[in-house]
Amino acid sequence: QQHLKTYLTVKNKYKGGKSIPPSAKIPKVYKLSSNEHPLGCSPKVLAAIQQASQNLHIYPDTTDLRLRTKLVEYFDQQLELNQFLTAASGSEIIDLTFRAFLRPEDEVIISTPCFVPYGTFSRWMGAKVVDVPLMEDNYQLDVDGILAAVTDRTRIIALTSPNNPTGTYIRKADLDRLLAGLPADILIIYDEVYRHFADATDYVDGLSYVKAGYPMIAINSFSKTYGLAAMRIGYAYTNKEIANYIRQIIKPFSLPTLALEAGIAALQDNDFVRQT
């Protein structure tokens, strides 16, 4: 009963960006309230969707194998097929991760301001959310604060780089120091959905850490850089053990045909990414 009561509380409701009013008499509206892509999506994606739309009466692929194969190519064979996960958006992969690893009374560390569902999904599982806010002067990660907040109940730490809504990123030196000070059984969710927009010399994505064996799952989305927010498709990469464990709760036919084909096509249009 307490778990259900927590699930239903108002603070667990996600509020998205404002929508375009149906009655708006404006020739062209660029909706940016949820960081949508103002240029749309790749022409290659549109062509792939148009072709796939001829077979909407047929069930989609049972698994995401074809998309994961393209992701292996996209990452230049640095990761293996079974290190990737895909789902209906990056946020669903976060949700699946919490469902797989959290039990009631576990603790999840977040750093506000951050993506609201980190806290929401944690509370759905009955976990305690421990907030170590970003530092007030520059919105950098409070590494010492996080290390001090870790207890024997800490199961997951949610990190974002670059961060929405602050636009800041986690410096490599800070991430290295944090990981060096953490117990090896704490899972790191590393949300790098905006990684394509980071050009700082000391910015780092999760690839080198996953390859080094850290218990990290790096979250990516096709919604922002690729302009596929309506398709609801995302992916993550991690070590084989974590990926296989989460994959046990992913249902068959999890990706609709149009989303699957859109993701595959998007990964093959680097020109569009550079234009973005």
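Look a little higher up for the structure.
What counts as what
Residues numbered from 1 in each chain as written. Predicted model: local features only at pLDDT ≥ 70, side-chain atom pairs only at ≥ 80, totals over all residues. Heavy atoms only, no water. 1 Å grid on protein atoms, 1.4 Å probe; cavity = no way out; pocket = protein on both sides within 12 Å on 5 of 7 lines; lining within 4 Å. Points joined across faces, edges and corners; volume = space filled by probe spheres on them. Helix = DSSP H or I, 4+ residues; strand = E, 2+ residues; numbered from the N terminus. Nonpolar A, V, L, I, M, F, W, Y, C, P; charged D, E, K, R; others polar. Buried < 20%, exposed > 50% of the residue type's maximum accessible area, 1.4 Å probe, protein only. Patch = residues over 30% accessible without salt bridge, like charges linked within 9 Å, V, L, I, M, F, W, Y side chains within 5 Å. Areas by Shrake-Rupley, 256 points an atom, 1.4 Å probe, with all protein chains shown as cover. Salt bridge = Lys/Arg side-chain N within 4 Å of Asp/Glu carboxyl O. Pairing = 2+ DSSP bridges. Axes fitted to C-alpha atoms, helices over the stretch in contact; angles between N-to-C directions. Contact = heavy atoms within 4.5 Å. Phe/Tyr/Trp six-rings, centres within 6.5 Å; stacked < 30°, edge-to-face > 60°.

Caption draft 1: Looking closely at empty space enclosed by the protein. One pass over the structure, following the stated rule, counts one cavity of 30 Å³ or more. Empty space within the largest cavity amounts to approximately 110 Å³. For the largest cavity, the lining is made up of 14 residues, of which Leu134, Leu141, Thr160, Asn163 and Ile170 are closest to its centre. Among the elements that make up the lining of the largest cavity, the one with the highest residue count is strand S4 (residues 154-160) (three residues). Classifying every residue of the lining of the largest cavity by side-chain character gives nine nonpolar, five polar and no charged.

Caption draft 2: Region of the structure containing unusual backbone geometry. Going from serine 161 to proline 162, the amide bond is cis rather than trans, its omega being -5 degrees. Along the chain, proline 162 falls in the loop between S4 and helix H7 (172-181). The omega torsion of the bond from asparagine 164 to proline 165 falls at 25 degrees, within 30 degrees of zero and hence cis. Within the secondary structure, proline 165 sits in the loop between S4 and H7. Positive phi is not limited to glycine here, since glutamine 77 has a value of about 60 degrees. Inspection of the secondary structure assignment puts glutamine 77 in the loop between helix H3 (65-74) and strand S1 (84-87). On the basis of relative accessibility, which here comes to 57%, the residue glutamine 77 falls in the exposed class. For serine 89, which is not glycine, the phi torsion reads 100 degrees and is therefore positive. The residue serine 89 is located in the loop between S1 and helix H4 (90-101) in this model.

Caption draft 3: Summary view of a nonpolar patch on the surface. Taken together, Ile20, Ile26 and Val29 make up a surface patch of nonpolar side chains, about 230 Å² in accessible area. Relative to the helices and strands, valine 29 resides in the loop between helix H1 (2-7) and helix H2 (43-52). Assessed through its relative accessible area of 31%, valine 29 is described here as partly exposed.

Caption draft 4: Looking closely at the sheet that holds S4. The sheet built from seven strands is open, its strands ordered S1-S7-S6-S5-S4-S2-S3 with mixed pairing. A single partner strand is all that each edge strand has here, and the edge strands are S1 and strand S3 (128-131). Each adjacent strand pair in this sheet contributes to an overall mean axis angle of 20 degrees, direction not counted. Bridge analysis of strand S2 (residues 107-110) against S4 gives three bridges, and the strand direction is parallel. Bridge pairing links glutamate 107 to threonine 154 in S4. Helix H9 (residues 240-247) rests against S1, strand S5 (187-191) and strand S6 (216-221) of the sheet, and its axis sits at about 30 degrees to S1.

Caption draft 5: Fine view of the packing of aromatic side chains. Across all of its chains, the model carries 14 aromatic pairs by this definition. Geometrically, the ring pair formed by tyrosine 74 and phenylalanine 75 is edge-to-face, given 5.3 Å between the ring centres and 80 degrees between the ring planes. For tyrosine 74, a relative accessible area of 24% gives the class partly exposed. Note on phenylalanine 75: relative accessible area 6%, which makes it buried. Among the aromatic residues, those joined into a cluster by ring pairs are Tyr74, Phe75, Phe84, Phe222, Tyr226, Tyr235 and Tyr237.

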